[in-house]
Amino acid sequence: MWRGLIVLCLAAILLGGCTRAPVIDTRYSSQNHDSRVQYVILHYTSSDFDRALQHLTVGQVSSHYLIDTQPTIYRLVDEDRRAWHAGESSWQGRTWLNGSSIGIEIVHPGYTDGPAGRYWHPWSEAQIDVLIPLLKDILRRHGLGPEHVLGHSDVAPQRKVDPGPLFPWQRLAEAGVAVWPEAERVADNLRRLEGQTPPMAWFEEGLQQLGFSLQGAADQVVVSRNVLAAFQMRFRPSRFDGQPDVESAAILAALVPDLLNSALLCKSAENPSMPRSGAQWPHCTPDQPAW
Ligand SMILES: [Zn+2]
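Each value, and the rule that gives it
- Residues numbered from 1 in each chain as written.
- Predicted model: local features only at pLDDT ≥ 70, side-chain atom pairs only at ≥ 80, totals over all residues.
- Axes fitted to C-alpha atoms, helices over the stretch in contact; angles between N-to-C directions.
- Helix = DSSP H or I, 4+ residues; strand = E, 2+ residues; numbered from the N terminus.
- Parallel < 35°, antiparallel > 145°, perpendicular 65-115°, else oblique.
- Contact = placed C-beta atoms within 7 Å.
- Nonpolar A, V, L, I, M, F, W, Y, C, P; charged D, E, K, R; others polar.
- Pairing = 2+ DSSP bridges.
- Domains from an automatic or database assignment.
- Core = buried A, V, L, I, M, F, W, Y, C linked by C-beta atoms within 7 Å.
- Buried ≥ 20, exposed ≤ 12 C-beta atoms within 10 Å, placed from the backbone.
- Left-handed = near helix turned anticlockwise from the far one by under 90°.

Next up on the list: the packing of helix 8 (residues 220-235) against helix 9 (residues 246-255). Packing of helix 8 against helix 9 leaves a shortest axis separation of 11 Å and a crossing angle of 80°. Put simply, helix 8 runs roughly perpendicular to helix 9. Mapping the contact onto sequence places L228, F231, Q232 and F235 in helix 8 and S248, I251 and L252 in helix 9. Partitioning the contact of helix 8 with helix 9 into residue classes produces 5 nonpolar, 2 polar and no charged.

Set out below in structure tokens:
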């Protein structure tokens, strides 16, 4: 009889029938935990609703939410599941952000290239009107601040330009769901910079501190230019060619604490035009070694 039972159980093991769910005692729980979600990443679809829906439901990509032009908010992937929207991406040293973010796709054509150049399509107020409460709800539920709301171009500046230069980041910031530099700080920084554009190395330091990755397959000059262009597209979209300028510097310094105290602003062999010392540059000393 025993032999028969053993044979039966062995057969059942082979069929997977003798495996039992582990018994777990749940009487204790820790208070030390947070959400796995660290970022909310915004995208435009660059296609109409039907194509986007097809793409995001049966294609190779997905997002947690899709906002159409009506606008209706569709949930395509549960927030506790990983959607495939960010691809190769990085922010504040974290990489491959699909696992730590919520993706929101907004039905929007992006841009159209024509004989007169690139035309960026304007955003619909109605879509932003539904996006803001959605972001508020997501940030509240996951315990995140407005600095955790990013664009795809922020986390993949070498590959992506969505949500593009016309996206109303300032309006989102006024609603408490994005960051925006304080106008007074920008004006004060402009005064301190006295019209002088800092060197690219200073921009690179600030952009990295803000969260951007300066890694990329291309030449470092091209990689850095793409990152600065992504920054400009978001915070100073009137020009986003990735070339350093004093206004971009003032905005960057308004978002990154202490950036105007960086030694990279001191007069050096690489940076002969910046002031070496003075009331507004107390961190620069006359015998500071050249960079
Ligand atoms: Zn995208």
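What follows continues from the structure just given.
Taken together, the 5 strands give an open sheet; going across it, the order is 3-2-6-1-9, and neighbouring strands pair in mixed fashion. One side of each edge strand has no neighbouring strand; the edge strands of this open sheet are strand 3 (73-75) and strand 9 (149-151). Neighbour-to-neighbour, the strand axes of this sheet turn through a mean angle of 25°, independent of strand direction. Summarising the sheet, strand 1 (residues 39-44) and strand 9 pair through 3 bridges and their orientation is parallel. Each residue of the ladder has a partner; that of I41, found in strand 9, is L150. Sheet strands in contact with helix 3 (residues 125-142) are strand 1, strand 2 (65-67), strand 3, strand 6 (101-106) and strand 9, and its direction is about 160° off that of strand 2.

As far as domains go, the protein chain holds domain 1 (39-175) and domain 2 (183-261). For domain 1 and domain 2, the distance between their C-alpha centroids amounts to 23 Å. The partner domain 2 presents 14 residues to the 12 residues of domain 1 that form the contact. Among the secondary structure elements, those contributing two or more residues to the side of domain 1 that touches domain 2 are strand 4 (90-91) and helix 4 (152-155). Classifying every residue of the side of domain 1 that touches domain 2 gives 6 nonpolar, 5 polar and 1 charged.

To continue, consider the nonpolar core. With 30 residues, the main nonpolar core has V40, I41, I67, I104, I106, V149 and V155 as its most contacted residues. If you list the elements that add at least two residues to this core, you get strand 1, helix 2 (49-58), strand 2, strand 6, helix 3, strand 9 and helix 5 (169-174). Among the elements that make up this core, the one with the highest residue count is strand 1 (5 residues). Residues V186, F203, I251 and L255 belong to the second largest nonpolar core, which totals 28 residues.

Close contact between helix 7 (residues 200-210) and helix 8 brings their axes to 11 Å; oriented N to C, the two are set at 60°. The orientation of helix 7 relative to helix 8 falls into the category oblique. The handedness of the crossing between helix 7 and helix 8 is left-handed. Mapping the contact onto sequence places M200, F203, E204 and L207 in helix 7 and S224, V227, L228 and F231 in helix 8. When the residues that make up the contact of helix 7 with helix 8 are grouped by side-chain class, the tally is 6 nonpolar, 1 polar and 1 charged.

Turning our attention to the pairing of strand 8 (residues 117-120). As judged from the 4 bridges shared by strand 7 (residues 111-114) and strand 8, these two strands associate in the antiparallel manner. What sits directly across from G114, in strand 8, is G117. Hairpin connection, strand 7 to strand 8: the antiparallel pair is bridged by 2 residues.

The next point concerns unusual backbone geometry. Here the residue pair Q70 and P71 is connected by a cis peptide bond, since its omega of 5° sits within 30 degrees of zero. Turning to its location among the elements, P71 is positioned in the loop between strand 2 and strand 3. Going from D162 to P163, the amide bond is cis rather than trans, its omega being 10°. With respect to the helices, strands and loops of the structure, P163 is situated in the loop between helix 4 and helix 5. One non-glycine residue, S46, adopts positive backbone phi at about 55°. The exposure class assigned to S46 is partly exposed, which follows from the 19 C-beta atoms found within 10 Å. In this structure, Q92 is a non-glycine residue whose phi angle is positive, near 50°. Inspection of the secondary structure puts Q92 in the loop between strand 4 and strand 5 (94-95). The exposure class assigned to Q92 is partly exposed, which follows from the 16 C-beta atoms found within 10 Å.

Two faces belong to every sheet, and in a regular strand the side chains alternate between them. Burial runs high along strand 1: 6 of the 6 residues are buried. A two-sided burial pattern is seen for strand 1, the buried positions comprising Y39, I41 and H43 on one face and V40, L42 and Y44 on the other.

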